[in-house]
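The chain contents come next:
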Amino acid sequence: QVQLVESGGGLVQAGGSLRLSCAASGRIFSRYIMGWFRQAPGKEREFVGAVNWRTANTYYVDSVKGRFTISRDNAKNTVYLQMNSLKPEDTAVYYCAVAPNPAGVPRPSRYEYWGQGTQVTVSS
């Protein structure tokens, strides 16, 4: 069993930055993939990016490449999502999630555990 708790959301102006954190507890295995998703009102949950817990390899959706950075601190069992140059279209509830392996990283159905989400609102 894995528990995930996100934090760091808030209201920011366009062009600003936020850093989200995802603290994991429970049985975290090195093969795990830690992913970030977001969901805006009336839209489907969208893959943002992910990091391989063991190798630190990262994956990003094209719309955030160059603006968002995912990192992890193994000692703290925490994954971070640094979001720079934020745009109003980045407004959503952001979730972190855990998948057992890298297969199908962008697909929400591959992820077994989810956090409760944190709201990010970017004003224009």
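Please refer to the structure higher up on the page.
Here's what I pulled together on the structure shown here. For clarity, every value in this text was computed on a predicted model and none was experimentally measured.

1. Brief notes about the environment of Gln116
Logical step 1: As for its position among the elements, Gln116 is in the loop between β10 (113–114) and β11 (118–123).
Logical step 2: Spatially, the C-alpha atom of Gln116 lies 19 Å from that of Gln82, the residues being 34 residues apart in sequence.
Logical step 3: Beyond its immediate chain neighbours, meaning those up to four positions away, Gln116 contacts Leu4, Val5, Glu6 and Tyr95.

2. So, the pairing of strand β3 (residues 18–26)
Logical step 1: Where strand β1 (residues 2–7) and β3 come together, six bridges link them in antiparallel fashion. Residue Leu4 lies in a different strand from β3, and its bridge partner there is Ala24.
Logical step 2: Pairing of β3 with strand β8 (residues 78–83) involves six bridges; the strand directions are antiparallel. In the sheet register, Ala23 faces β8, and the bridge partner there is Thr78.

3. Quick word on the sheet that holds β1
Logical step 1: The four strands lie next to each other as β1-β3-β8-β7, forming an open sheet whose pairing is antiparallel. Edge positions in the sheet fall to β1 and β7 (68–73), since each of these pairs with one other strand and no more. Ignoring strand direction, the axes of neighbouring strands in this sheet form an average angle of 15 degrees.

4. A word on the packing of aromatic side chains
Logical step 1: Enumeration over the complete set of coordinates arrives at five aromatic pairs.
Logical step 2: With a centroid separation of 5.0 Å and 55 degrees between ring planes, the pair formed by Phe37 and Trp114 is classed as tilted. With Phe37 in strand β4 (residues 33–39) and Trp114 in strand β10, this residue pair connects regions lying 77 residues apart in the sequence.
Logical step 3: Relative to Trp114, the ring of Tyr111 lies with its centre 6.0 Å away and its plane at 55 degrees, an arrangement referred to as tilted.
Logical step 4: Residue Trp114 is classed as partly exposed on the basis of its relative accessible area, which comes to 27%.
Logical step 5: One residue, Arg45, lies across the ring of Tyr95, its end atom 3.9 Å from the ring centre.
Logical step 6: One cation-aromatic arrangement involves Arg45 over Trp114; the distance from NZ or CZ to the ring centre is 4.7 Å.

About the thresholds
Residues numbered from 1 in each chain as written. Predicted model: local features only at pLDDT ≥ 70, side-chain atom pairs only at ≥ 80, totals over all residues. Heavy atoms only, no water. Helix = DSSP H or I, 4+ residues; strand = E, 2+ residues; numbered from the N terminus. Contact = heavy atoms within 4.5 Å. Pairing = 2+ DSSP bridges. Axes fitted to C-alpha atoms, helices over the stretch in contact; angles between N-to-C directions. Phe/Tyr/Trp six-rings, centres within 6.5 Å; stacked < 30°, edge-to-face > 60°. Buried < 20%, exposed > 50% of the residue type's maximum accessible area, 1.4 Å probe, protein only. Lys NZ or Arg CZ within 6 Å of the ring centre and 35° of its normal.

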